[in-house]
Amino acid sequence: RRRALPLLECSEPSLEPIKFMAEHVAELQGAVLSGDGDAVRAALARGADANAPFADGSLPLYAAAKYGFAGVCVALVRDGGAQPDALSPKLGASALAVAAWKGRAAVAGCLIELLADPNGQSRAGSTALYMAAKFGHAEVIRELLRASGHPAYAGPG
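Residues numbered from 1 in each chain as written. Predicted model: local features only at pLDDT ≥ 70, side-chain atom pairs only at ≥ 80, totals over all residues. Heavy atoms only, no water.

Draft legend 1. Representation of unusual backbone geometry in the model. A positive phi angle is found at L115, which is not glycine, with a value near 80°. Checked against the element boundaries, L115 lands in the loop between α6 (105-113) and α7 (128-134). (Helix = DSSP H or I, 4+ residues; strand = E, 2+ residues; numbered from the N terminus.)

And the structure:
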């Protein structure tokens, strides 16, 4: 004869943490894409994760670099703990590499000041210097050479 086991009280898992995260990702994405550093800081203060990818697979820092928002890059790294050398899950490139690709010299300089590695490589093996040279962005090339201490850089330190 089998013994019946007592019924355990079960409850449905809560979707609240997932909703919370999705709302904050969307809020942070809107703030990043608007170029508004204060809105980015506010989203981070409300719990948004500066290292969580957006729905399209790009990282917040990558998106800020792509659109030339140096102030947003500062907010993401200093206030949100974004990793300057993180590779975007979607494309496998860093924020510095995308700044170099897009010719965003001010953003490249800002990311270097935020300790992005000027010699870091993408998943495909490309460096930011390669991207800047391939697309003819002389100002970015100067920033990268200055940061790497390369002897080809003859400008002021």
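Draft legend 2. Summary view of the packing of α6 against helix α8 (residues 138-148). Relative to each other, α6 and α8 sit at 15°, their axes nearing to 8 Å. When the axes of α6 and α8 are compared, the pair comes out roughly parallel. The handedness of the crossing between α6 and α8 is right-handed. Contact residues: α6 offers A105, A108, G109 and I112, while α8 offers E139, V140, E143, L144 and A147. (Axes fitted to C-alpha atoms, helices over the stretch in contact; angles between N-to-C directions. Parallel < 35°, antiparallel > 145°, perpendicular 65-115°, else oblique. Left-handed = near helix turned anticlockwise from the far one by under 90°. Contact = heavy atoms within 4.5 Å.)

Draft legend 3. Representation of the nonpolar core within the structure. Judged by nonpolar contacts, the single largest core of 44 residues is most densely connected at L28, V32, V40, L76 and L111. Contributing elements (two or more residues each) for this core: α1 (16-34), α2 (37-45), α3 (60-66), α4 (70-79), α5 (95-102), α6, α7 and α8. When near neighbours in sequence (up to four residues on either side) are disregarded, L76 contacts L28, V32, V40, L44, A50, P60, L61, A64, G81 and A82. (Core = buried A, V, L, I, M, F, W, Y, C linked by side-chain atoms within 4.5 Å. Buried < 20%, exposed > 50% of the residue type's maximum accessible area, 1.4 Å probe, protein only.)

Draft legend 4. View of empty space enclosed by the protein. For the structure shown, the criterion picks out 2 cavities of 30 Å³ or more. Lining the largest cavity, in full, are A50, N51, L59, L61, Y62, A82, Q83, P84, A86, A93, S94 and A95. Of the residues assigned to the lining of the largest cavity, the class counts are 9 nonpolar, 3 polar and no charged. The volume enclosed by the second largest cavity comes to roughly 40 Å³. Around the second largest cavity, the lining residues are L87, S94, L96, A97, D117, G120, Q121, S122, S126, T127 and A128. Residues of the lining of the second largest cavity, tallied by class, amount to 4 nonpolar, 6 polar and 1 charged. (1 Å grid on protein atoms, 1.4 Å probe; cavity = no way out; pocket = protein on both sides within 12 Å on 5 of 7 lines; lining within 4 Å. Points joined across faces, edges and corners; volume = space filled by probe spheres on them. Nonpolar A, V, L, I, M, F, W, Y, C, P; charged D, E, K, R; others polar.)

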